[in-house]
Amino acid sequence: MQQTLTQPRSTLVASNAKYLVAGVLFGVVAIKSEIISWYRIQEMFRFQSFHMYGVILSAVVVAAISIWLLKRVGARSLDGDPIALPEKERSYPQYILGGTTFGLGWAATGACPGPILALIGSGIWGFVAVLISAVIGTWVYGLVRAKLPH
């Protein structure tokens, strides 16, 4: 079931509350486990600590098992819709370029896009500049998207 902007605002808020709760819980876990710590991320890029590599490896293993289970049991969404897992195209240059760009941004800012709001919420106000830059980068991507190989 897809939400439309013509529905009453209270219905939209209520139907999306579960995502807000999940996001807040993820933010708390991210802060407490130090996976959004600028110092932890810099340790990773300098090969000084296994902490972040362990978290990333754990996430990959959990994701692989989760996708296998979703396919195996024919899982459905909370709304009862079938979960469609898209097949990925095997075009490596775009993944290499995208991954390199993402990694350079991650190394330069000390944060991947996911926890930027959690970092701002935890009082690290310098990440407001990172958020603004991410929004501008997304806008620029929208402008040049048609010219990029997809």
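What you see is a predicted model, and the numbers here were worked out from it, not measured in a lab. (Residues numbered from 1 in each chain as written. Predicted model: local features only at pLDDT ≥ 70, side-chain atom pairs only at ≥ 80, totals over all residues. Heavy atoms only, no water.)

Turning our attention to the confidence of the model for the chain. Per-residue pLDDT for the chain averages 82, and the proportion of residues at 70 or more is 91%. Taking the mean pLDDT of every element in the chain, the minimum, 81, falls on helix α2 (residues 38–45) and the maximum, 90, on helix α3 (residues 51–73). (pLDDT = per-residue confidence, 0-100. Helix = DSSP H or I, 4+ residues; strand = E, 2+ residues; numbered from the N terminus.)

With that settled, consider the pattern of salt bridges. Counted by the stated rule, this structure contains two salt bridges. Here R40 makes a salt bridge to E43, at a shortest N to O gap of 3.4 Å. In this pair, R40 and E43 both sit in helix α2, three residues apart, roughly one turn of the helix. For E43, a relative accessible area of 26% translates into the label partly exposed. Ionic contacts of the salt-bridge type, sharing partners, join the residues E34, R40 and E43 into one network. (Salt bridge = Lys/Arg side-chain N within 4 Å of Asp/Glu carboxyl O. Buried < 20%, exposed > 50% of the residue type's maximum accessible area, 1.4 Å probe, protein only.)

Once that is clear, we can look at the packing of α2 against α3. It is the contact of α2 with α3, at a shortest axis distance of 8 Å, that shows an interaxial angle of 90°. When the axes of α2 and α3 are compared, the pair comes out roughly perpendicular. On α3, the residues touching R40, I41 and M44 of α2 are H51, M52, Y53 and I56. The residue inventory of the contact of α2 with α3, partitioned by class, reads five nonpolar, one polar and one charged. (Axes fitted to C-alpha atoms, helices over the stretch in contact; angles between N-to-C directions. Parallel < 35°, antiparallel > 145°, perpendicular 65-115°, else oblique. Contact = heavy atoms within 4.5 Å. Nonpolar A, V, L, I, M, F, W, Y, C, P; charged D, E, K, R; others polar.)

Attention now goes to α2. Given 3.6 residues to a turn, an α-helix orients residues that are three or four positions apart in the same direction. Three or more residues of α2 are buried, namely I41, Q42 and M44. All buried residues of α2 fall inside an arc of 155° around its axis, so they share one side. Those residues of α2 hidden inside the fold are in contact with α3 and α4 (92–109). After α2 finishes, the residue F47 shows a positive phi value of roughly 55°. (Arc of directions from axis to C-beta.)

It is worth spelling out the environment of A84 at this point. If you trace the backbone, A84 turns up in the loop between α3 and α4. As a C-alpha pair, A84 and S15 span 69 residues in sequence and 21 Å in three-dimensional space.

Glycine aside, residues mostly have negative phi, and peptide bonds are mostly found in the trans state. In the Ramachandran plot, E34 falls in the positive-phi region, its phi being about 65° despite a non-glycine side chain. Considering the arrangement of structural elements, one finds E34 in the loop between α1 (9–32) and α2. Overall, E34 belongs to the partly exposed group, its relative accessible area being 35%. In this structure, F47 takes a positive phi of about 55° despite not being glycine. Structurally, the position occupied by F47 is in the loop between α2 and α3.

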